[in-house]
Amino acid sequence: MSRSLSSGLQWLLATIGMAPPAPPAGGPMTREAARALVKWYLQTQGAGITEGLNAEGFGGAMNGEGQYAFEHIESPPSLKASALIYRFREPPKPGIIEGFQQQQAEGTDTGGGTVDFEPESGSLFLSRTYTVMPEGRQFTRDLEQLGNASVVWGKDVLDRVAHRVFGT
């Protein structure tokens, strides 16, 4: 099932009472609000029973080709939603992260996110940060765009950056 069909089905099922409604939009992104939003999203995408975020404020999932990571940030209270581009096995060579940032600056579609390298995990993401609770359908569309873009970045943009940095 395509993700946009999934978004419409999600809305329809919630409307007729067969799926949980999204948490109310507009409030601050407290840890509990972030947990409720991620839990709702994952359940409506077929994840089954989940808490959304663990006790430390982290969560993750695969949806289609996209791999997602979620992190609640305490100050200022926000939820970072990230779609994986690439996981480095070793620290990236000089110029690689800058090459991805240059692609973003040149206007390559990021699905509404920004290039985000997490040195601790060696992972490169496209990330969006929410300080206010978004409407559920919008959050689903945002993640769909982010995930679709991350797949393109993991294939096409990765090749472009490697070619520019290494001349291969």
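My aim in this report is to walk through the structure given alongside it, one point at a time.

**Some words on the sheet that holds strand S4 (residues 114–118)**
Piece 1. Spatial strand order, S1-S2-S3-S5-S4: five strands in an open sheet with antiparallel pairing. Edge positions in the sheet fall to strand S1 (58–63) and S4, since each of these pairs with one other strand and no more. Going from strand to strand, the sheet's axes swing by 35 degrees on average, the running direction of each strand aside.
Piece 2. Both S4 and strand S5 (residues 123–130) contribute to a ladder of five bridges, which runs antiparallel. Residue pairing for S5: Asp116 is matched across the bridge by Phe125.
Piece 3. Against the sheet, helix H2 (residues 31–44) engages S1, strand S2 (66–73) and strand S3 (78–87), with an angle of about 165 degrees to S2.
Piece 4. Seen against the sheet, helix H3 (residues 96–105) touches S3, S4 and S5 and runs at an angle of roughly 165 degrees to S4.

**Regarding the side chain of Lys80**
Piece 1. By the secondary structure assignment, Lys80 is in strand S3.
Piece 2. Taking relative accessible area as the criterion, Lys80 reaches 13% and is therefore assigned buried.
Piece 3. At a separation of 2.6 Å, a polar atom in the side chain of Lys80 contacts the side chain of Glu118.
Piece 4. Residues contacting Lys80, with those up to four places away along its chain left out, are Ala69, Phe70, Glu71, Ile73, Asp116, Glu118, Ser127, Arg128 and Thr129.

Cut-off values and rules
Residues numbered from 1 in each chain as written. Predicted model: local features only at pLDDT ≥ 70, side-chain atom pairs only at ≥ 80, totals over all residues. Heavy atoms only, no water. Pairing = 2+ DSSP bridges. Helix = DSSP H or I, 4+ residues; strand = E, 2+ residues; numbered from the N terminus. Axes fitted to C-alpha atoms, helices over the stretch in contact; angles between N-to-C directions. Contact = heavy atoms within 4.5 Å. Buried < 20%, exposed > 50% of the residue type's maximum accessible area, 1.4 Å probe, protein only. Polar contact = N/O pair within 3.5 Å; in protein donor to acceptor, adjacent residues only side chain to side chain.

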